[in-house]
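Examination of the molecular architecture
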Amino acid sequence: MATFLYRLGRGAFRRRGLVALIWVALLFAAGFGAASAGAPTSGSFSMPGTEAQKAFDLLDEKFPGMSADGASARIVIKAPQGAKITDEANKAQVEKIVSGLQQGPGKAQVASVADPFQMQAVSQDGSTAYVSVKYTVSGMELSDDTREALTESGDPAKAAGLTVEIGGDALMAAPETGSGEIIGIAVAAVVLVITFGSLVAAGLPLLTALIGVGIGVSTVTALANVLDLGSTTSTLAMMIGLAVGIDYALFIVSRYRVELAEGRARDEAAGRAVGTAGSAVVFAGLTVVIALVGLAVVNIPMLTKMGLAAAGTVVIAVLVALTLVPSILGFAGKKVLPAGTKSKLFGKGRPADAEPKANAGTRWARFVLRRPVVVLLLGVIGLGVIAVPAGKLEMGLPDDGAQPVSTTQRRAYDLLSEGFGPGFNGPLLVVVDGDKKLANETADRIKGLEGVAVVTPPSPNQDGSAAVITVIPKDRPSSAQTEALVHDIRDGSGDDVLVTGATAMNIDFSQKMNDALLPYLALVVGLAFLLLMVVFRSILVPLKAALGFLLSVVAALGAVVAVFQWGWLGSVFGVEQTGPIMSMMPIFMVGVVFGLAMDYEVFLVTRMREAYVHGERPGQAVVTGFQYSARVVVAAAVIMIAVFAGFIGASEQMVKMIGFGLAVAVFFDAFIVRMAIVPAVLALLGHRAWWLPRWLDRLLPNVDVEGESLRKHLEAAGPAEGGPDKDRQLVNA
């Protein structure tokens, strides 16, 4: 592989104009496709095999007019202190809201508007009422006129002294995808300038990463409606694509400059950089792809599509690193070299041939080699302590009760809880596939269960073959008591009685994610272990990589539980409401962090393996790996932490949690596991770290990620293939 990639990189360097033109053409083609495609929708959500999904399917069959896909809203109106909503003047204001929604600018997308005085949607004390609005399309597909009509519907009532708040998914807005990425790119630019000491070298990874992300995200956008990808798919693709795109280009450029410093010609340096560092990029990319494609194990189509789309963006990032990066290096010329060799801006004009001082990576590696046991114990115990709260992890899906108190959704949630009870925000929908007798028996049985506040009479369909019963729990939707009530209803019913609704869907989703976590971990870690065993020709190095990753992820989950579930330091991170951790958080964190963690592992340990294969002793190989790769890994980790941390300031609790969790996980994995635990373990193992049984060595394919066969090939080829003589002749070309 190294020889093939060497030729690919050198060919891209020499034919840089053609290669760059092809990538620019792909970018324009993808952009044109995205611009021509319609706006992405929210995407259909289904959970095959769950009772909640079966109930929704039964609703579609038995109640054709009752769509589960349309958005809904609740406009909650509360009378002033001492007054009642049923007073004539207040009642008139409520009726204005109803008529305004029925006849206003957004009426084309309104399916129904329920008058609270006809639907008995008035609290027992008469202080509060709510207007239920059902739309024909999802919240993401509502037009601006419809959304504006909803948000302004209560303005006259507010002017009359009533309190009006709006809840429901109709106010769902398209996810904002600008601020986090902008912060990450700005920090990345600063870090890259400091790392490379050259504006051109710093800008090159950013430029190529943005081109790759542009192609990937534009392609996802162009195919969103055709493949029902949903609007959130491009957000994940952008986040992952930007992360790995910068990482991979950073590694290629860094190795290219090392080859130049050793006296290679520019085209030869590009070929060798892609032949060696490119091998690491290929296998690092494969680990990320494995982690993302592995989301299919969960068997939720939306997650599968998100994983596949993000994996496609990673493949594009790998191809960009192997072809576009060396072609742009050809255009950059000497400007890619550190400024210290050309000016006094960096390095105070240090001569290019001056003896380099031991860098921070070298000094740190030597420190760890002197005290491996102490470093190992501190790292493992420290992460172990942080991981303790993960044992109390409670999973669920956030509702409007998790919104900041400054939002109208949260205030509407609180008004409904005060006026109608906390369970009113999470009604259960019981679908009975049977006649009126079965429906009445089911309703009577549910009334006798603990935790039930209200059970409505069964509402049959037109032919009487099915009925719907609405059950209002006593407790809030995300409580353990409501979950127990759902299980009690299901346990006492047969196959012809199904429970669904948003609350039941959340419970089933959490259970499905929890059940899929261990199989997903086994698949991803197992395949990556085999892949790393092929790369490093070792059993203990991949085992150490996998165990270190698990330690960092569990520690990150512990930090998430402590902050978002227990409320520790919650005010520092803007956590206004503690509660269960988002159900997809563990699997999402495993997938994303595993890919990035294996990137750092491959980048760092590949150089150690290369030095060891070329004759260095195990300890010296660790030092060599840190000398050439530690700075790159640190820079990549800082960039990723900045990208993810940029989302902590978001108002959405879910986005805030994802940003915090990923930022903390990358910090733990890069700086504690890869930079401390890894060298400590390798120092203690010595030669045994690179041991592989002979029979297994014969079975595994030799991918030559360290470039040993490439070195022998180039030595045998001599000057004609870019050997040392030609290097000396072209070094200043």
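Let us look at the structure shown here. Sequence order as written defines residue numbering, which begins from 1 separately in each chain. Only residues with pLDDT of at least 70 are given local features in this predicted model, and only at 80 or more are side-chain atom pairs given and counted; all residues enter the totals for whole chains, interfaces and linings. By convention in this description, side-chain values take in all heavy atoms of the structure and omit both hydrogens and water.

A run of H or I in DSSP counts as a helix once it spans at least four residues, and a run of E counts as a strand once it spans at least two, with each numbered from the N terminus. With respect to the helices, strands and loops of the structure, Glu 165 is situated in strand E4 (residues 163–167). Three exposure classes are used, based on accessible area relative to the maximum for each residue type with a 1.4 Å probe and protein chains only: buried under 20%, partly exposed in between, and exposed over 50%. On the basis of relative accessibility, which here comes to 10%, the residue Glu 165 falls in the buried class. Polar contact criterion, stated in full: a pair of N or O atoms within 3.5 Å, where within protein one must be able to donate a hydrogen and the other to accept it, and residues adjacent in sequence count only if both atoms are side-chain atoms. Of note is the side chain of Glu 165, whose polar atom sits 2.7 Å from the side chain of Thr 408. For Glu 165, the side chain forms a polar contact with the side chain of Arg 411, separated by 3.0 Å. Not counting residues up to four positions away in its chain, the partners in contact with Glu 165 are Arg 74, Ile 75, Val 76, Thr 408, Arg 411, Ala 412 and Leu 415. Contacts are assigned to residue pairs with any non-hydrogen atoms lying within 4.5 Å of each other.

What follows covers helix H4 (residues 88–103). A helix is expected to span 1.5 Å for every residue after the first. Taking 1.5 Å as the rise per residue, H4 with 16 residues should run 22 Å; its terminal C-alpha atoms sit 22 Å apart, in good agreement. Of the residues making up H4, those classed as buried are Asn 90, Gln 93, Val 94, Ile 97, Val 98 and Leu 101. Buried residues along H4 cover an arc of 140 degrees about the axis, so they all sit on one side. Looking at H4, the residues exposed on the side facing more than 90 degrees away from the buried face are Glu 88, Ala 89, Lys 96 and Gln 103. Tucked inside the fold, the buried residues of H4 contact strand E1 (72–78), strand E2 (110–114), strand E3 (128–135), helix H5 (144–152) and helix H6 (155–159). Working note: the arc is built from the helix axis to C-beta atom directions.

Moving on to a negative patch on the surface. Together, Asp 144, Asp 145, Glu 148, Glu 152 and Asp 155 line one region of the surface with negative charge. Ranked by residue count, the leading element in the negative patch is H5, at four residues. Within the secondary structure layout, Glu 148 lies in helix H5. Residue classification places Glu 148 among the partly exposed positions, given a relative accessible area of 40%. In this scheme, patches are assembled from residues that exceed 30% relative accessible area and form no salt bridge. Like charges are connected within 9 Å, while nonpolar side chains (Val, Leu, Ile, Met, Phe, Trp, Tyr) are connected within 5 Å. Each accessible area is a Shrake-Rupley result for a 1.4 Å probe, and residues are judged covered by the shown protein chains and nothing else. Salt bridge, as applied in this entry: a Lys or Arg side-chain nitrogen positioned within 4 Å of an Asp or Glu carboxyl oxygen. In this tally, Lys and Arg are treated as positive and Asp and Glu as negative; His is ignored, and so are the chain termini. To locate a charge, the coordinates of NZ of Lys, CZ of Arg, CG of Asp or CD of Glu are taken.

Take the environment of Val 320 next. Turning to its location among the elements, Val 320 is positioned in helix H11 (residues 301–332). Among the residues examined, Val 320 registers a relative accessible area of 3% and is labelled buried. Linking Val 320 and Ala 209, residues 111 residues apart in sequence, is a C-alpha distance of 7.9 Å. For Val 320, the residues in contact, after removing those within four places along its chain, are Trp 23, Thr 208, Gly 212 and Val 325.

Function-wise, these values are silent; they only describe arrangement.
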